[in-house]
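Descriptive structure summary
Each chain, letter by letter, is given below.
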Amino acid sequence: SGGALRSILQVSSDSLTTLNLAGNDMGPAWAQGLGPSLAACSKIRTINLSHNGLGIEGIVHVMTAVRRSTTLTSLDLSFNGKPASASEDKSVIAAVMSLQHCTNLIELHLFGGLPWKSVTEAGTQRLGRCPAAL
């Protein structure tokens, strides 16, 4: 359950380096509840939450939770939904731009596994200024 996972993350927050929960159909509410626990993982380098039905809301929650991580090198949120509106597009762009503090982030996978696959052209130009988007 989400509560059990949060407890595990809290206990191991000083030592956890990899979190792979791909394909568990967790949904957006789970991502929101897990945010504070993810933010506390001070040594996390790799997070894979692909194929979890997080939707745009969940994707944004996860990116917001890890936005200040200086150890994160890889974040995979692919196959969790695509922006269906301009406001969702803006939410994703704002969340990605907040990752600029993740100075070691070199891999960011969204949507169909291809970065920025369904973000608008203007959004792609803005994302090009984010280190993780390069």
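Let us look at the structure shown here. (Residues numbered from 1 in each chain as written. Predicted model: local features only at pLDDT ≥ 70, side-chain atom pairs only at ≥ 80, totals over all residues. Heavy atoms only, no water.)

1. Side note on the overall build of the protein chain
If you tally the helices and strands in the protein chain, you get five helices and four strands. From first element to last, N terminus to C terminus, the protein chain shows the α and β order α-β-α-β-α-β-α-β-α. Expressed as a percentage of the 134 residues in the protein chain, the buried residues total 46%. Of the contacts made within the protein chain by residues no fewer than 6 positions apart, 80% connect residues no fewer than 24 positions apart. Here the protein chain has roughly 6,500 Å² of accessible surface; of this, 53% comes from carbon and sulfur atoms. (Helix = DSSP H or I, 4+ residues; strand = E, 2+ residues; numbered from the N terminus. Buried < 20%, exposed > 50% of the residue type's maximum accessible area, 1.4 Å probe, protein only. Contact = heavy atoms within 4.5 Å. Areas by Shrake-Rupley, 256 points an atom, 1.4 Å probe, with all protein chains shown as cover.)

2. With respect to the side chain of serine 13
By the secondary structure assignment, serine 13 is in the loop between helix H1 (2–11) and strand S1 (18–20). Setting aside residues no more than four positions away along its own chain, serine 13 makes contact with Ala40, Cys41, Ser42 and Lys43.

3. Things to note about H1
Each turn of an α-helix holds 3.6 residues, which means side chains three or four residues apart point in the same direction. All buried positions along H1 are accounted for by Gly2, Leu5 and Leu9. The arc that holds every buried residue of H1, seen down its axis, measures 65°, which confines them to one face. Away from its buried face, by an angle of more than 90 degrees, H1 presents the exposed residues Ile8, Gln10 and Val11. Considering only its buried residues, H1 is in contact with S1 and helix H2 (28–39). (Arc of directions from axis to C-beta.)

4. Concerning the packing of H1 against H2
Two elements in contact, H1 and H2, have axes whose closest approach is 9 Å; the angle formed by their N-to-C orientations is 20°. Our classification of the angle between H1 and H2 gives roughly parallel. You can see that H1 and H2 cross each other, and the crossing is right-handed. Seen from H1, the contacting residues are Gly2, Leu5, Arg6, Leu9 and Gln10; seen from H2, they are Trp30, Gly33, Leu34 and Ser37. Its residues placed into classes, the contact of H1 with H2 shows four nonpolar, four polar and one charged. (Axes fitted to C-alpha atoms, helices over the stretch in contact; angles between N-to-C directions. Parallel < 35°, antiparallel > 145°, perpendicular 65-115°, else oblique. Left-handed = near helix turned anticlockwise from the far one by under 90°. Nonpolar A, V, L, I, M, F, W, Y, C, P; charged D, E, K, R; others polar.)

5. Description of the environment of cysteine 41
Locating cysteine 41 in the fold gives a position in the loop between H2 and strand S2 (46–48). Overall, cysteine 41 belongs to the buried group, its relative accessible area being 4%. In this structure the C-alpha to C-alpha distance between cysteine 41 and serine 69, which are 28 residues apart in sequence, comes to 8.5 Å. Those residues in contact with cysteine 41 that lie beyond four places of it in its chain are Leu9, Ser13 and Leu16.

6. Thoughts on unusual backbone geometry
The residue histidine 51 is not glycine, and still its phi comes out positive at about 55°. The topology assignment puts histidine 51 in the loop between S2 and helix H3 (55–65). Using a relative accessible area of 43% as the deciding quantity, one classes histidine 51 as partly exposed. Of note, the phi angle at phenylalanine 79 is positive, near 55°, even though the residue is not glycine. By the secondary structure assignment, phenylalanine 79 is in the loop between strand S3 (74–76) and helix H4 (86–98).

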